[in-house]
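For reference, the chains in residue letters:
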Amino acid sequence: EILRVTGVQTCALPISAVGSRVLVYDAIEGDLLHSLKGHKKTLYCVAYAKDGKRFASGGEDKTVIIWTAKAEGILKYNHNDSIQCMAYNPVTQQLASTTSSDFGLWSPEKKQVAKHRLKDRVLTASWTNDGQYLALGLFNGNVTIRDKEGDEKVLIQRNAPVWAIQWNPNRDETGVLACACWDQTLSFYQLSGHQVGKDRKLDYDPCALSYFTQGEYLLMGGSDKKVSLHTKEGVRLVTVGEREDWVWCAAARPKQNYVAVGCNDGTIT
């Protein structure tokens, strides 16, 4: 089972493909570096910190584990529900972890994890480039934008589950949020919640969305079994690769012309 991946690094890529194990691979050769124990049930998500010094894992056992880049577990905390997705603040070491009913904000300098209730399951999460705001995409079609303390600032309502969102990493376009929804649309929003342009229709259910080359392009994939390159405005340009099953994650390697793809059939490419 391939889980969604965030924060692909230049040297190693943590991915879980075997139940409760966190698997760390070399990104150049694809060699397995570590097979980490610590979780008791199936893993659903991993996330790297911006500086690559830490990564986190979470899943069905309702537990989040913080690991060092040397694959040493240094901290563990729990939620009341299974962990659905996670995202590291790009400026600080703050980690957002989400479940079916709430989300938590963990920071090394704080003794407790601040948790906030939600009305539905979180499917995806993304921080703005300056680390000031966190967007959460929900199964009920809502996108809630929170400040770094967890307070809601904006609520965006869509018509179907929001499976992938990401803020543009370009400093000149920090306030633009790309939103991939299961009404088969790609849309864009400002930090204020106002939509930029009209919905762009897709012919598939999107599961993966990530910016490429500092926000100039978008990578997308889903039920069409392809990874496609789009302009930052959402215009489809070319198919990067085709798979045998749904594409659930696609992430560009920073400063490199490579893309890691996780597929529903259990393959990593």
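Rules of the game
Residues numbered from 1 in each chain as written. Predicted model: local features only at pLDDT ≥ 70, side-chain atom pairs only at ≥ 80, totals over all residues. Heavy atoms only, no water. Helix = DSSP H or I, 4+ residues; strand = E, 2+ residues; numbered from the N terminus. Rg over C-alpha atoms; globule rule 2.2 N^0.38 Å. Buried < 20%, exposed > 50% of the residue type's maximum accessible area, 1.4 Å probe, protein only. Contact = heavy atoms within 4.5 Å. Lys, Arg positive; Asp, Glu negative; His and termini not counted. Charge placed at Lys NZ, Arg CZ, Asp CG, Glu CD. Pairing = 2+ DSSP bridges. Axes fitted to C-alpha atoms, helices over the stretch in contact; angles between N-to-C directions. Salt bridge = Lys/Arg side-chain N within 4 Å of Asp/Glu carboxyl O. Polar contact = N/O pair within 3.5 Å; in protein donor to acceptor, adjacent residues only side chain to side chain. Core = buried A, V, L, I, M, F, W, Y, C linked by side-chain atoms within 4.5 Å.

Asks: Just checking my understanding: could you explain the overall build of the protein chain for this structure?
Replies: From N to C terminus, the protein chain includes zero helices and 26 strands. Against the compact-globule benchmark of 18 Å for 269 residues, the protein chain has a radius of gyration of 17 Å, which places it among compact chains. Here the protein chain holds 269 residues, and 54% of them are scored as buried. Counting contacts in the protein chain only where the partners sit at least 6 residues apart, residues at least 24 apart contribute 37% of the total. Of the charged side chains in the protein chain, 32 are positive and 30 negative, and the gap between their average positions amounts to 5 Å.

Asks: Honestly, the sheet that holds strand β18 (residues 176-181) in this entry has me stumped. Any pointers?
Replies: Sheet strands line up and pair through hydrogen bonds in the backbone, either parallel or antiparallel. One open sheet accounts for four strands, arranged β17-β18-β19-β20; its pairing is antiparallel. Because the sheet does not close on itself, it has two edges, and the strands there are β17 (162-167) and β20 (200-201). The sheet contact formed by β18 and strand β19 (residues 185-190) spans six bridges and is antiparallel. By the bridge assignment, Val176 is partnered in β19 with Gln190.

Asks: When you look at the sheet that holds strand β15 (residues 142-147) in this model, what are you seeing that I'm missing?
Replies: Reading across from one edge, β13-β14-β15-β16 is the order of the four strands in this open sheet, with antiparallel pairing throughout. Taken across any chain shown, the strands that pair with only one partner, and hence form the sheet edges, are β13 (122-127) and β16 (152-157). Direction aside, neighbouring strands of the sheet carry axes that sit 20° apart on average. Bridge analysis of β15 against β16 gives five bridges, and the strand direction is antiparallel. Each bridged residue has a counterpart across the sheet, and for Ile145 the counterpart in β16 is Val154.

Asks: How should I be thinking about the pairing of β19 in this particular structure?
Replies: Put simply, side chains in a regular strand alternate between the two faces of the sheet. Summarising burial for β19: five of the six residues are buried, a large majority. Hairpin connection between β18 and β19: a loop of three residues separates the two successive antiparallel strands, and Gln184 in this loop has a positive phi of roughly 60°. One ladder, built from two bridges, connects β19 with β20; its direction is antiparallel. Across the sheet, Leu186 pairs through a bridge with Arg200, a residue of β20.

Asks: Is there a simple way to explain the pattern of salt bridges in this structure?
Replies: Working definition: two side chains of opposite charge can pair if their charged atoms are close together. According to the stated counting rule, one finds five salt bridges in the structure shown. A salt bridge links Arg146 to Glu152, with the shortest nitrogen-to-oxygen separation between them at 3.8 Å. The closest approach of N and O atoms between Asp183 and Arg158, which form a salt bridge, is 3.4 Å. Highlighted residues: Asp183 in the loop between β18 and β19 and Arg158 in the loop between β16 and β17, separated in sequence by 25 residues. By relative accessible area, Arg158 is classed as buried at 9%. Ionic contacts of the salt-bridge type, sharing partners, join the residues Arg158, Asp183 and Asp199 into one network.

Asks: Looking at this structure, how should I read the environment of Thr128?
Replies: One can find Thr128 in the loop between β13 and β14 (133-138). For Thr128, a relative accessible area of 1% translates into the label buried. Thr128 sits 68 residues away from Val196 along the chain, and the two C-alpha atoms are 17 Å apart. Reaching out from Thr128, the side chain makes a polar contact with the side chain of Asp130 at a distance of 2.7 Å.

Asks: Help me understand the pairing of strand β22 (residues 217-222), please; the structure alone is not making it clear to me.
Replies: Here β22 lies mainly inside the structure; five of its six residues are buried. In this structure, strand β21 (residues 206-212) lies alongside β22, joined through six bridges in antiparallel fashion. Counterpart to Tyr211 in the pairing with β22 is Leu218. Here β21 hands over to β22 after four residues, with Thr213 in that stretch at a positive phi of 50°. Two elements, β22 and strand β23 (residues 226-231), share five bridges in a ladder whose sense is antiparallel. From the neighbouring strand, Leu218 faces β23, where its bridge partner is His230. Between β22 and β23, which pair antiparallel and follow one another directly, the connecting turn spans three residues, one of which, Lys225, has a positive phi of 65°.

Asks: It is not clear to me how the nonpolar core should be interpreted in this structure. Could you clarify?
Replies: Burial of nonpolar side chains together is a common tendency in soluble globular proteins. Membership of the largest hydrophobic core comes to 13 residues, with the highest contact counts inside it found for Ala135 and Val143. The set of elements that each furnish at least two residues to this core consists of β15, β16, β17 and β18. In this structure, Val143 is in contact with Ala135, Leu136, Gly137, Val154, Leu155, Ile156, Val162, Leu177 and Cys179, ignoring residues within four places of it in sequence.

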